[in-house]
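The lines below spell out each chain.
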Amino acid sequence: GPLCDALMRTLLFFMLMGGHATLAKTPITVPGWPKLPYPFSTALLSKSGMLYISGMQGVDFSKSPPALVPGGITEQTQQTLSNILAVVKAASGSMNDILECTVLLADLKDFKAMNTVYATFFTDGAQPARVALEAALAGGALVEIKCTGEISK
């Protein structure tokens, strides 16, 4: 299962590192996602269990090349949060482990539609602290979300 896969990835990581657990941070990669040509990690997990997820957009990583999903803010928010869920799962966590989100919208008029989808991903009654801002986003995206969480050891 997922736990076994995570343990195997961790074991493989330590074997590749020559058995030295010296890094203060572990890059998190999602199985099946392509390596992106940018100078940042999809996510980093600290030794203490803090998870830092880079800004995610509504990109379908199963497409070649990866591309924004068609549709509008609803579809892009659904894909963005599905991407975040994939990253959290790759770090052996759940959406309940997310503590804080920064939501960037190309247009604040999309806030209500984004919020409707967002609410379906955080259902444990302790939704993350959050800010939503309007910003010019790379690649023509309508929404980008970055998160910080803590994965219990």
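Residues numbered from 1 in each chain as written. Predicted model: local features only at pLDDT ≥ 70, side-chain atom pairs only at ≥ 80, totals over all residues. Heavy atoms only, no water.

*Asks:* Where do I start with the overall build of the chain in this structure?
*Replies:* Check the secondary structure of the chain and you find three helices and eight strands. N-terminal to C-terminal, the α/β element order of the chain is α-β-β-β-β-β-α-β-α-β-β. In the chain, which comprises 153 residues, the proportion classed as buried is 35%. Taking as baseline every contact in the chain between residues at least 6 positions apart, the subset at least 24 positions apart corresponds to 67%. Carbon and sulfur atoms provide 62% of the accessible area of the chain, an area that totals close to 8,800 Å². (Helix = DSSP H or I, 4+ residues; strand = E, 2+ residues; numbered from the N terminus. Buried < 20%, exposed > 50% of the residue type's maximum accessible area, 1.4 Å probe, protein only. Contact = heavy atoms within 4.5 Å. Areas by Shrake-Rupley, 256 points an atom, 1.4 Å probe, with all protein chains shown as cover.)

*Asks:* Would you explain the packing of aromatic side chains in this entry?
*Replies:* Geometry of an aromatic ring pair is reported as the spacing of the ring centres plus the angle between the planes. Counted under the stated rule, the structure contains three aromatic pairs. Ring geometry for Tyr118 and Phe122: centres 4.7 Å apart, planes at 40°, overall tilted. By relative accessible area, which is 4% here, Tyr118 ends up buried. Residue class for Phe122 comes out buried when judged on its relative accessible area of 3%. Arg130 extends its terminal NZ or CZ atom over the ring of Tyr118, reaching a point 4.4 Å from the ring centre. (Phe/Tyr/Trp six-rings, centres within 6.5 Å; stacked < 30°, edge-to-face > 60°. Lys NZ or Arg CZ within 6 Å of the ring centre and 35° of its normal.)

*Asks:* Can you help me understand helix α2 (residues 73-90) in this one?
*Replies:* An α-helical segment advances 3.6 residues per turn. Residues three or four places apart therefore align on the same side. End to end, α2 covers 25 Å across 18 residues, agreeing with the expected 26 Å (1.5 Å per residue, within 8%). Within α2, the full set of buried residues consists of Ile73, Gln76, Thr77, Gln79, Thr80, Leu81, Asn83, Ile84, Val87, Val88 and Ala90. Trailing α2 by a residue or two, Ser92 shows a phi angle of about 65°, which is positive. (Expected span 1.5 Å × (residues − 1).)

*Asks:* What should I look at first to understand the pairing of strand β2 (residues 43-46) in this one?
*Replies:* Successive side chains on a regular strand alternate, one facing one side of the sheet and the next facing the other. Here four bridges tie strand β1 (residues 25-28) to β2, and the two strands are oriented antiparallel to one another. Each residue of the ladder has a partner; that of Pro27, found in β2, is Leu44. In the sheet, β2 pairs with strand β3 (residues 50-57) via three bridges, with the strands oriented antiparallel. If you follow Leu45 over to β3, its bridge partner there is Leu51. Hairpin remark: β2 followed by β3, antiparallel, with three residues in the connecting loop; positive phi at Gly49, about 100°. (Pairing = 2+ DSSP bridges.)

*Asks:* Would you take a moment to explain the packing of α2 against helix α3 (residues 111-119) for this structure?
*Replies:* Each pair of packed helices gets described by two things: the angle between the helix axes and the distance between those axes. The N-to-C vectors of α2 and α3 enclose an angle of 35°; their axes lie 9 Å apart at closest approach. As for the relative orientation of α2 and α3, their crossing is right-handed in sense. The segment α2 lies against α3, with Ile73, Thr74, Thr77, Gln78 and Leu81 engaging Ala113, Met114, Val117 and Tyr118. Residues belonging to the contact of α2 with α3 are distributed by class as follows: six nonpolar, three polar and no charged. (Axes fitted to C-alpha atoms, helices over the stretch in contact; angles between N-to-C directions. Left-handed = near helix turned anticlockwise from the far one by under 90°. Nonpolar A, V, L, I, M, F, W, Y, C, P; charged D, E, K, R; others polar.)

*Asks:* I would appreciate a short explanation of α3 in the present structure.
*Replies:* For α3, the full list of buried residues reads Met114, Val117 and Tyr118. Seen from one end, α3 has its buried residues packed into an arc of 105°, which puts them on one side. Exposed residues lying more than 90 degrees from the buried face of α3 are Lys112 and Thr116. Tucked into the core, α3 has its buried residues touching α2, β6 (98-105), β7 (129-134) and β8 (143-150). (Arc of directions from axis to C-beta.)

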